[in-house]
Amino acid sequence: MNANLENRVDTRIIDEIISKHKGDPGELLTIMEEVQEANEYKYLDDLSMDYLSSKTNVPLSRIYSVATFYSFFNLKPQGKHTLIVCRGTACHTKGSKILLDDLTTLPGCKEAFDQGETTFTTDDMLITIKTVACFGQCALAPVVAVNGVIYSNVTSEQIKKLLVNLQEDNKDENIRLS
Ligand code: FES
């Protein structure tokens, strides 16, 4: 990931999001989701979280704990495409480690995961590789998700094809595997 990349959400946009959802049930989660979505790189940047905390009177520590608890929140800039590999027990048993190894051929990716990272983004910000504990679709193991689309019973050959499609910046969200 480009270490110099910084991006924050305009405070006027955060103000609008807060006022739109003030008083809603579960407003904090909704507000945080929309602030993340408003960020060009789809993550919750530090300055935006600071601002959110000051405007909502929710302690920053609580905002951070919510952001780290839910896997759909990102604390680092995300690539244009996201490929998520499930590393839960059912998927592990069905070979998800091999699928992840197929993706760690991307320069720098293996090192990141070897150091315990659960997310890696290419320097050109094109692809983010992530792992997740379980998609809740264990009967379809091994499972991966590409830009939010779930693929089941994925083979090594198929995940390589998915990766190539993303490297070619394929606009087709639902990539055909067969
Ligand atoms: S362990 Fe992979 S979907 Fe549940």
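Computed from a predicted structure; not experimentally measured.

(A) Focus on the sheet that holds strand E1 (residues 81–86). One open sheet holds the five strands; their spatial order is E2-E3-E1-E4-E5, and the pairing between them is mixed. Since the sheet does not close on itself, it has two edges, and those belong to strand E2 (119–121) and strand E5 (149–151), each with one partner. When strand polarity is set aside, the average angle formed by the axes of neighbouring strands in this sheet is 20°. In terms of strand pairing, E1 meets strand E3 (residues 127–132) through six bridges, oriented parallel. Across the sheet, Thr82 pairs through a bridge with Thr128, a residue of E3. Taken strand by strand, helix H8 (residues 156–167) contacts E1, E3 and strand E4 (144–146), and its axis lies near 160° from that of E1.

(B) Spotlight on the domain arrangement of the protein chain. Each domain of the protein chain was delimited in the assignment, giving domain 1 (11–69) and domain 2 (81–167). The C-alpha-based centres of domain 1 and domain 2 are spaced at 28 Å.

(C) Quick peek at the nonpolar core. Residues Leu83, Val85, Leu103, Val143, Val144 and Ile159 are the most contacted members of the largest nonpolar core, which totals 21 residues. Those elements that provide at least two residues to this core are E1, helix H6 (96–103), E3, E4 and H8. When residues no more than four places from it in sequence are discounted, the contact partners of Leu83 are Leu103, Ile127, Ile129, Val144, Val146, Leu162, Leu163 and Leu166. Core analysis: the second largest hydrophobic core is formed by 12 residues, Ile14, Ile31, Met49 and Leu52 among them.

(D) Layout of helix H2 (residues 27–38). An ideal rise of 1.5 Å per residue puts 16 Å on 12 residues; H2 measures up with 16 Å between its terminal C-alpha atoms. Those residues of H2 that are buried are in contact with helix H1 (11–21), helix H3 (46–56) and helix H4 (60–69).

(E) Highlighting the confidence of the model for the protein chain. When pLDDT is averaged along the protein chain, the result is 91, and 92% of the positions lie at 70 or above. Mean pLDDT across the secondary structure elements of the protein chain bottoms out at helix H7 (residues 109–114), with 91, and peaks at helix H5 (residues 89–93), with 97.

(F) Expanded view of the environment of Gln36. Along the polypeptide, Gln36 turns up in helix H2. Assessed through the 21 C-beta atoms surrounding it within 10 Å, Gln36 is described here as buried. Here the alpha-carbon distance between Gln36 and Ser48, two residues 12 residues apart in the chain, equals 9.0 Å. If sequence neighbours within four positions are ignored, Gln36 has contacts with Lys42, Tyr43, Leu44, Phe73 and Asn74.

(G) Quick peek at the pairing of E3. Buried residues dominate E3, accounting for five of its six residues. Where E2 and E3 come together, three bridges link them in antiparallel fashion. Bridging from a neighbouring strand, Phe120 pairs with Ile129 of E3. Connecting the antiparallel pair E2 and E3 is a turn made up of five residues, with Met125 showing a positive phi of about 60°.

(H) Expanded view of unusual backbone geometry. Between Ala141 and the following residue, Pro142, the backbone shows a cis peptide bond with an omega angle of -5°. Structurally, Pro142 is set in the loop between E3 and E4. In this structure, Lys42 takes a positive phi of about 50° despite not being glycine. Inspection of the secondary structure puts Lys42 in the loop between H2 and H3. Here Lys42 falls in the partly exposed class, since 18 other C-beta atoms lie within 10 Å of it.

Definitions and cut-offs
- Residues numbered from 1 in each chain as written.
- Predicted model: local features only at pLDDT ≥ 70, side-chain atom pairs only at ≥ 80, totals over all residues.
- Pairing = 2+ DSSP bridges.
- Helix = DSSP H or I, 4+ residues; strand = E, 2+ residues; numbered from the N terminus.
- Axes fitted to C-alpha atoms, helices over the stretch in contact; angles between N-to-C directions.
- Contact = placed C-beta atoms within 7 Å.
- Domains from an automatic or database assignment.
- Core = buried A, V, L, I, M, F, W, Y, C linked by C-beta atoms within 7 Å.
- Buried ≥ 20, exposed ≤ 12 C-beta atoms within 10 Å, placed from the backbone.
- Expected span 1.5 Å × (residues − 1).
- pLDDT = per-residue confidence, 0-100.

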